[in-house]
Amino acid sequence: PPPPPPAPPTAAYARQWLYALALASLMSWRGRRKGSLSRDGAAAAFAVGLVSCAASVRLGLTLIAFFVTASRLTKVGAARKRELEDGHTEGGNRNWVQVAANGALGTLLAAAYHASTRARGAAPEQPLDAAALPLETALQAAYLCHYAACNADTWASELGVLSKAKPRLVTAPWRHVPPGTNGGVSALGNAASAAGGLLIGAVYWGLGALLVDGEAAAPAQWPLVVLGAAAGALGSLIDSLLGATLQYSGWCSKKQLVVNAPTDTSTRICGHDVLTNSQVNFLASVITSAAGALAATRLF
């Protein structure tokens, strides 16, 4: 049998982990300092960042692009959001559950990608090529689509709620619902979803052009931008459908805003109290990632 492929040089491997340690530390420290992460959220973000950055510079910086843009958008229109959202916290202050909902799947995909390239003795930065690199192509596409869906959901939630037009329920488009209702959609929110996904696709494509050796011999990589935008739109749609059906939304007569759990003073608008917001986000990203991995077999 042929000998096993050589492992990457030890010095290069050590440098990659030092880079990952530095970037993950900076990401969690910055999130804690800016108020976008709680203490346990910062610890979870460190773990998520460490694995993705160690797997690949490209994967790590794509994660950073999601983290930075999502954190900034939570501060847009904060005063208006406090009037519309129950328990709104300026800056986000995400705990470990929320970080895991947005990062657990991406971390698993990054770990699998790292194990695959390491086992082959291949460079961490690889093009998407379904014929030559089927596993790594599927893992990269799933990773891209995961964070495109997460970014799209964040952009839609943070910007869509500020729309002057009253949202409509995704399962009953003729029905207007109060801002902040799970499953409520608007033109601004839909546009934000596609833009959030497109940004992740563009970042992943641009980083590939800078970092991947031999990309010219692989299939054209520009469809990554389209894949990101499509994943953003699909992920946001799935999130809205799950939110409208399996997540409770009610109008609280005492607080005069939408609440996500039944109370004595709330009247149900839509949905059933089955899933939390974090669970909805996680399921939407899983479905979108699977769809992205499948689409990559035809696109690349």
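Scroll up to find the structure this text is about.
Residues numbered from 1 in each chain as written. Predicted model: local features only at pLDDT ≥ 70, side-chain atom pairs only at ≥ 80, totals over all residues. Heavy atoms only, no water.

## So, the overall build of the chain
Scanning the chain from N- to C-terminus turns up nine helices and six strands. Expected size for 300 residues packed as a compact globule is a radius of gyration near 19 Å; at 20 Å, the chain falls within 12% of this value. Principal-axis analysis of the C-alpha atoms gives the chain an extent of 70 × 40 × 30 Å. Per-residue burial for the chain yields a buried fraction of 50% across its 300 residues. Considering only residue pairs separated by 6 or more positions, the chain has 72% of its internal contacts joining residues 24 or more positions apart. Surface exposure of the chain reaches about 13800 Å², of which carbon and sulfur atoms provide 66%. Each charge class in the chain can be summarised by its mean position, and for the 23 positive and 15 negative side chains these summaries are 6 Å apart. (Helix = DSSP H or I, 4+ residues; strand = E, 2+ residues; numbered from the N terminus. Rg over C-alpha atoms; globule rule 2.2 N^0.38 Å. Buried < 20%, exposed > 50% of the residue type's maximum accessible area, 1.4 Å probe, protein only. Contact = heavy atoms within 4.5 Å. Areas by Shrake-Rupley, 256 points an atom, 1.4 Å probe, with all protein chains shown as cover. Lys, Arg positive; Asp, Glu negative; His and termini not counted. Charge placed at Lys NZ, Arg CZ, Asp CG, Glu CD.)

## What to know about the nonpolar core
Generally speaking, nonpolar side chains in soluble globular proteins are found buried as a group. Grouped together as the largest cluster of nonpolar side chains are 42 residues, with contacts concentrated most on Leu59, Leu63, Phe66, Tyr143, Tyr147 and Tyr204. Of all elements in the fold, only helix H1 (10-34), helix H2 (39-55), helix H3 (57-73), helix H5 (96-120), helix H6 (134-160), helix H7 (187-211), helix H8 (223-246) and helix H9 (277-299) reach the threshold of two or more residues within this core. For this core, the leading source of residues is H6, giving nine residues. What Tyr204 contacts, discounting residues up to four positions off in sequence, is Arg58, Leu59, Thr62, Leu128, Gln140, Tyr143, Leu144 and Leu224. With eight residues, the next largest nonpolar core counts Val177, Ala244, Val258 and Ile269 among its residues. (Core = buried A, V, L, I, M, F, W, Y, C linked by side-chain atoms within 4.5 Å.)

## Considerations on the side chain of Asn281
Note on placement: Asn281 falls in helix H9. On the accessibility criterion, Asn281 (11% relative accessible area) is buried. Excluding residues within four positions of it along the chain, Asn281 makes contact with Asn102, Asp153 and Asp239.

## Focus: the sheet that holds strand S5 (residues 257-259)
On the basis of which strands lie adjacent, the open sheet formed by three strands has the order S5-S4-S6 and antiparallel pairing. The open sheet terminates on both sides in strands that have one partner only, identified here as S5 and strand S6 (266-270). Within the sheet, the average angular offset between the axes of one strand and its neighbour, ignoring direction, is 40°. Judged from the four bridges that link them, strand S4 (residues 249-252) and S6 form a sheet pairing that is antiparallel. Paired with Cys252 across the two strands is Ser266, which belongs to S6. (Pairing = 2+ DSSP bridges. Axes fitted to C-alpha atoms, helices over the stretch in contact; angles between N-to-C directions.)

## So, the pairing of S4
On any regular strand, side chains alternate: one points to one face of the sheet, the next to the other face. Of the pairings in the sheet, the one linking S4 to S5 comprises three bridges and is antiparallel in character. Bridge pairing in S5 places Trp251 opposite Val258. Hairpin connection, S4 to S5: the antiparallel pair is bridged by four residues, and Gln256 has positive phi, about 60°.

Geometry only, nothing functional implied.
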